[in-house]
Amino acid sequence: MEMASSRRTVEEIFDDFSARRAGVVRALTNDVDQFYVLCDPEKENLCLYGHPNETWEVNLPAEEVPPELPEPALGINFARDGMDRKDWLSLVAVHSDSWLISVAFYFGARLNRNERKRLFSMINDLPTVFEVVTERKPVKEKPSADSGNKSRGSVKRSSDGQVVKSNPQLTEEVYEADEDEHNETLCGSCGGSYSADEFWIGCDICEKWFHGKCVKITPAKAESIKQYKCPSCSLKRNRQ
């Protein structure tokens, strides 16, 4: 029996999440016709399970109470014929995202605050099942005071969970609706507009953003900086 009391590392929990997610994504994309047939409304309450070996299964819910793990949404088959196919698949995807998160944090019950934050950050780098199923188009996010230093590169993953290279100056992805906001950010040194092709870094004191070249900070150097202070804030602090 898989118990939350069996402590797992952040990496182990994330690997489990990624594998279960890959199975669910496969069911709702590549194997969608087979999945659709298995979700017969004439059958009893059915659930979609993603397994740690990246497979998926449509089956009845666990009989034991409380269950070994958090259970997926119950009775996904009942709404199949009463909704448009795309809408139904999107609904199943949303419930699957909720289930995957609940399983991950069930395993993470013994993680501390920083470990939970890191786990969620790793999960958040992956597109949700809903985003994959509905083919929502991502765009680059503009820098903001709350996003942390843009200098800190992260590992991005494709929709199937495979690791791909990520440009360090790109932040997390957001939806197309935010695209027009990119040009609002200006460099605190030269006044130039934000561009995704250039390396930027944010000051943790005044929350202004700067071209790396304007403040002589490279991506490699930024990796070793825990708290960046722009030249102006550094000067003010020295005067105090």
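Definitions and limits used
Residues numbered from 1 in each chain as written. Predicted model: local features only at pLDDT ≥ 70, side-chain atom pairs only at ≥ 80, totals over all residues. Heavy atoms only, no water. UniProt positions renumbered as here; feature names shortened; annotations may be inferred. Salt bridge = Lys/Arg side-chain N within 4 Å of Asp/Glu carboxyl O. Helix = DSSP H or I, 4+ residues; strand = E, 2+ residues; numbered from the N terminus. Buried < 20%, exposed > 50% of the residue type's maximum accessible area, 1.4 Å probe, protein only. Contact = heavy atoms within 4.5 Å. Expected span 1.5 Å × (residues − 1). Arc of directions from axis to C-beta. Core = buried A, V, L, I, M, F, W, Y, C linked by side-chain atoms within 4.5 Å. Axes fitted to C-alpha atoms, helices over the stretch in contact; angles between N-to-C directions. Parallel < 35°, antiparallel > 145°, perpendicular 65-115°, else oblique. Left-handed = near helix turned anticlockwise from the far one by under 90°.

- Under the annotation held in an unreviewed UniProt entry, the protein chain carries the name PHD finger protein ALFIN-LIKE and is attributed to Manihot esculenta.
- Looking at the protein chain in UniProt, the text filed under Subcellular location (unreviewed entry) is "Nucleus".
- The annotation that UniProt attaches to the protein chain under Sequence similarities (unreviewed entry) is "Belongs to the Alfin family."

## Re the pattern of salt bridges
Working step 1: In this structure the tally under the stated criterion is six salt bridges.
Working step 2: We note a salt bridge from glutamate 11 to arginine 118, for which the minimum N-O separation is 2.6 Å. Of this pair, glutamate 11 sits in helix α1 (residues 10-28) while arginine 118 sits in helix α4 (residues 113-124), placing them 107 residues apart in sequence.
Working step 3: For arginine 118, a relative accessible area of 38% corresponds to the partly exposed category.
Working step 4: One salt bridge in this structure joins arginine 80 and aspartate 81, with 2.8 Å as the shortest N-O distance.
Working step 5: On the accessibility criterion, arginine 80 (12% relative accessible area) is buried.

## Regarding the side chain of aspartate 16
Working step 1: Counting through the fold element by element, aspartate 16 comes out in helix α1.
Working step 2: The exposure class assigned to aspartate 16 is buried, which follows from its relative accessible area of 9%.
Working step 3: Apart from residues lying up to four places away in sequence, aspartate 16 is in contact with Arg8, Pro52, Val103 and Phe107.

## Observations regarding α4
Working step 1: Taking 1.5 Å of rise per residue, 12 residues should cover 16 Å, and α4 covers 16 Å from first to last C-alpha, within 8% of that figure.
Working step 2: The complete set of buried residues in α4 reads Glu115, Leu119, Met122 and Ile123. For α4, the buried positions fall inside an angular range of 100 degrees around the axis, keeping them on one side. The outward face of α4, more than 90 degrees from its buried face, is lined by the exposed residues Arg113, Asn114 and Lys117.
Working step 3: On its buried side, α4 packs onto α1 and α3 (85-107).

## Some remarks on the nonpolar core
Burial of nonpolar side chains together is a common tendency in soluble globular proteins.
Working step 1: Residues Leu28, Phe35, Leu48 and Val129 are the most contacted members of the largest nonpolar core, which totals 36 residues.
Working step 2: Those elements that place two or more of their residues in this core are α1, α2 (32-38), β1 (47-50), β2 (56-59), α3, α4 and α5 (129-134).
Working step 3: The element contributing the most residues to this core is α3, with nine residues.
Working step 4: Among all residues touching leucine 48, those that are not within four sequence positions of it are Val24, Ala27, Leu28, Phe35, Trp56, Glu57, Val58, Pro72, Ile76, Val92 and Ser96.

## Here's the deal with the packing of α1 against α3
Working step 1: Between α1 and α3, whose axes approach to 10 Å, the crossing angle comes to 165 degrees. With respect to each other, α1 and α3 are oriented roughly antiparallel. At the point where α1 passes α3, the crossing takes the right-handed sense. On α3, the residues touching Ile13, Asp16, Phe17, Arg20, Arg21, Val24 and Leu28 of α1 are Leu89, Val92, Ala93, Ser96, Trp99, Leu100, Ile101, Val103, Ala104 and Phe107.

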